[in-house]
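# Structural description and commentary
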2 protein chains.
Amino acid sequence: MRGEARRLFFVTGNKNKFAEARQFLPELLQANLDLIEIQGIDPKSIIRAKLLEARSRIAGSIIVEDTSLEFQCLNGLPGPLIKWFLKKMGNKRLAELAIKNNNTSAKAILWIGYIDPKGGIRYFSASLKGEIVSPKGHHGFGWDPIFRPLGHSKTLAEMTLAEKNSISMRARTFEKLRSCLQADFRK
Amino acid sequence: MRGEARRLFFVTGNKNKFAEARQFLPELLQANLDLIEIQGIDPKSIIRAKLLEARSRIAGSIIVEDTSLEFQCLNGLPGPLIKWFLKKMGNKRLAELAIKNNNTSAKAILWIGYIDPKGGIRYFSASLKGEIVSPKGHHGFGWDPIFRPLGHSKTLAEMTLAEKNSISMRARTFEKLRSCLQADFRK
């Protein structure tokens, strides 16, 4: 692949996420597009709709990401709807919800969708199991303060970025994407 | 208004909802379109996107509806996201969630959006306060078995359709829409 088709865009308005992603894929370009997010609880459908919309607006390969946080006490919800729960309830009340339900098990999943210039779509994901706890720590963002990965004594927000990256699902998902892209580029 | 512009469509795939709506607006026509539902917790934004998409596909006036169920223990959620919660958790677990959180207060809200042939949009809504209780009754649909309206001893699913219609927010919302349409048609 050469020229325009070789360009790889990450659609995000979040500078921190873009900087983090660029550590794994230095060739990444940022595309700050406001994409329609369809309602649903299936991450692949949400991501697919975003990729198709982005593709109608930029030329090149494109990636988008979506994070799910599954509470066992909510049978897997809020899942991809976590952003609305965080916005409406905040970390403290979200944690209380799991604690009052006597089930604090949770799973964080990062999904990345990739569309190549011919319209082929692939999905990559990695997950991290943990416990929902009362908010602790001031690093990170989003629900990091209430998520304590299994086998660790700190929440994601109590860890340094290096500690977080060493276990987080973001690093593993981008690694899968990178291996796949390298195989494509060698073709 | 005459001819095409006078036609009034209700976009829904649900025959029961359409039959119920037709009791209030006999001139209503059914449009069984599959509309994209954007993710969010603001009913007006969700409805607006549906109306604009429907308008690009049918000529005439159009209405769509969306129901929210707000749990006080979730600070108003799931709201318009209730359909996903019902699908994923079911009525029994949804009720347990409120009960374990020691706060079973809830509010059901029906929203109707109306777009006229010139693209003017209006919103109508009515709400019904109640308590979330363990599932009871076999009438109705959706979350009717776990919603007991304030001042009543039965859940919506324990009521006959006539009883339900006499208190439900659907009747009141359609009544508001009907008054508004009649005023328009007299112009």
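Look up: the structure comes first, before these words.
A short tour of the structure in this document, coming up. Everything numeric in this text was worked out from a predicted model, so none of it was measured.

So, about the overall build of chain A. Along chain A, the regular secondary structure elements total five helices and seven strands. Counted from the first residue to the last, chain A has its helices and strands arranged as β-α-β-α-β-β-α-β-β-β-α-α. Computed over the C-alpha atoms, the radius of gyration of chain A is 17 Å, within 12% of the 16 Å expected from 2.2 N^0.38 for a compact globule of 187 residues. Dimensions along the principal axes, computed over C-alpha positions, put chain A at roughly 55 × 35 × 25 Å. Burial statistics for chain A: of 187 residues in total, 50% are counted as buried. In chain A, the proportion of contacts linking residues at least 24 apart, taken out of those at least 6 apart, comes to 54%. Carbon together with sulfur atoms contributes 50% to the accessible area of chain A, which is approximately 8800 Å² in total. Looking at charge distribution, chain A has the averaged site of its 31 positive side-chain charges lying 1 Å from that of its 18 negative ones.

A few words on the pairing of strand 5 (residues 105-115) of chain B. Residue and element names in this part refer to chain B. The buried count for strand 5 comes to nine of eleven residues, which makes it a mostly enclosed element. Pairing of strand 3 (residues 61-71) with strand 5, which is carried by ten bridges, proceeds in the antiparallel orientation. From the neighbouring strand, Thr 67 faces strand 5, where its bridge partner is Leu 110. The pairing of strand 5 with strand 6 (residues 121-132) spans eleven bridges and is classified as antiparallel. Its bridge partner lying in strand 6, Ile 109 is registered against Ser 127. Between the antiparallel neighbours strand 5 and strand 6 lie five residues, among them Gly 119 with a positive phi of about 95°.

A word on the pattern of salt bridges. The tally for this structure, following the rule as stated, stands at 24 salt bridges over all chains. The salt bridge partner of B:Lys17 is B:Glu65, with a shortest N-O separation of 3.5 Å. One end of the pair, B:Lys17, is in helix 1 (residues 15-24); the other, B:Glu65, is in strand 3, and 48 residues separate them in sequence. Among the salt bridges present, the one from B:Lys50 reaches B:Asp66, with a minimum N-O distance of 3.7 Å. Of the two residues, B:Lys50 is situated in helix 2 (residues 43-55) and B:Asp66 in strand 3; the sequence distance between them amounts to 16 residues. Side by side, B:Lys50 and B:Asp66 carry an identical accessibility label, which is buried. In the salt-bridge network here, residues are joined through shared partners; they are A:Lys17, A:Glu20, A:Glu65 and A:Arg170.

A few words on the packing of aromatic side chains. Evaluated as defined, the whole model comprises seven aromatic pairs over all chains. Each ring, one from A:Trp143 and one from A:Phe147, has its centre 5.6 Å from the other, and the planes form 70°; the classification is edge-to-face. Each member of the pair, A:Trp143 together with A:Phe147, is buried. Ring geometry for B:Phe10 versus B:Phe174: centroids 6.2 Å apart, planes at 75°, classification edge-to-face. Of this pair, B:Phe10 sits in strand 1 (residues 8-11) while B:Phe174 is found in helix 5 (residues 169-186), placing the two residues 164 residues apart along the sequence. For the pair B:Phe10 and B:Phe174, a shared accessibility class is recorded, and that class is buried. Among the aromatic residues, those joined into a ring-pair cluster are A:Phe10, A:Phe24 and A:Phe174.

Time to look at the interface of chain A and chain B. Counting from both sides, the interface comprises 24 residues of chain A and, opposite them, 24 residues of chain B. Together chain A and chain B conceal approximately 2500 Å² of surface at their shared face, both sides included; 62% is due to carbon and sulfur atoms. Contact with chain B buries area across many residues of chain A, yet A:Gln39, A:Trp84 and A:Lys88 alone supply 29% of it, more than any other trio. Applying the counting criterion to the chain A and chain B interface returns zero salt bridges. Linking chain A with chain B are 14 residue pairs in polar contact (both at pLDDT 80 or more). The biggest single contributor to the side of chain A that touches chain B is helix 3 (residues 82-100) of chain A, with eight residues. Grouping the constituent residues of the side of chain A that touches chain B by class yields 13 nonpolar, six polar and five charged.

Counted at 1.5 Å a residue, the expected span for helix 3 of chain A with its 19 residues is 27 Å, but the 18 Å between its end C-alpha atoms falls short. If you look at helix 3 of chain A, its biggest bend is around 100°, right at A:Gly90. By the burial criterion, the buried members of helix 3 of chain A are A:Ile82, A:Trp84, A:Phe85, A:Met89, A:Asn91, A:Leu94, A:Ala95, A:Leu97 and A:Ala98. Lining the buried residues of helix 3 of chain A we find strand 3 (61-71), strand 4 (78-79) and strand 6 (121-132) of chain A together with helix 3 (82-100) of chain B.

A word on the environment of B:Ile109. All names here are of chain B. Here Ile 109 is to be found in strand 5. Accessibility expressed as a relative area gives 9% for Ile 109, which makes it buried. Once the C-alpha coordinates of Ile 109 and Arg 7 are considered, the two residues, 102 residues apart in sequence, prove to be 27 Å apart. Ignoring anything within four residues of it in the chain, the contact list for Ile 109 reads Asp 66, Thr 67, Ser 68, Glu 70, Ser 125, Ala 126, Ser 127 and Met 169.

What counts and how
Residues numbered from 1 in each chain as written. Chains lettered and ligands numbered in written order. Predicted model: local features only at pLDDT ≥ 70, side-chain atom pairs only at ≥ 80, totals over all residues. Heavy atoms only, no water. Helix = DSSP H or I, 4+ residues; strand = E, 2+ residues; numbered from the N terminus. Rg over C-alpha atoms; globule rule 2.2 N^0.38 Å. Buried < 20%, exposed > 50% of the residue type's maximum accessible area, 1.4 Å probe, protein only. Contact = heavy atoms within 4.5 Å. Areas by Shrake-Rupley, 256 points an atom, 1.4 Å probe, with all protein chains shown as cover. Lys, Arg positive; Asp, Glu negative; His and termini not counted. Charge placed at Lys NZ, Arg CZ, Asp CG, Glu CD. Pairing = 2+ DSSP bridges. Salt bridge = Lys/Arg side-chain N within 4 Å of Asp/Glu carboxyl O. Phe/Tyr/Trp six-rings, centres within 6.5 Å; stacked < 30°, edge-to-face > 60°. Buried area = accessible area lost by both parts, 1.4 Å probe. Polar contact = N/O pair within 3.5 Å; in protein donor to acceptor, adjacent residues only side chain to side chain. Nonpolar A, V, L, I, M, F, W, Y, C, P; charged D, E, K, R; others polar. Expected span 1.5 Å × (residues − 1). Bend = angle between axes of the 7 residues up to and from the residue.

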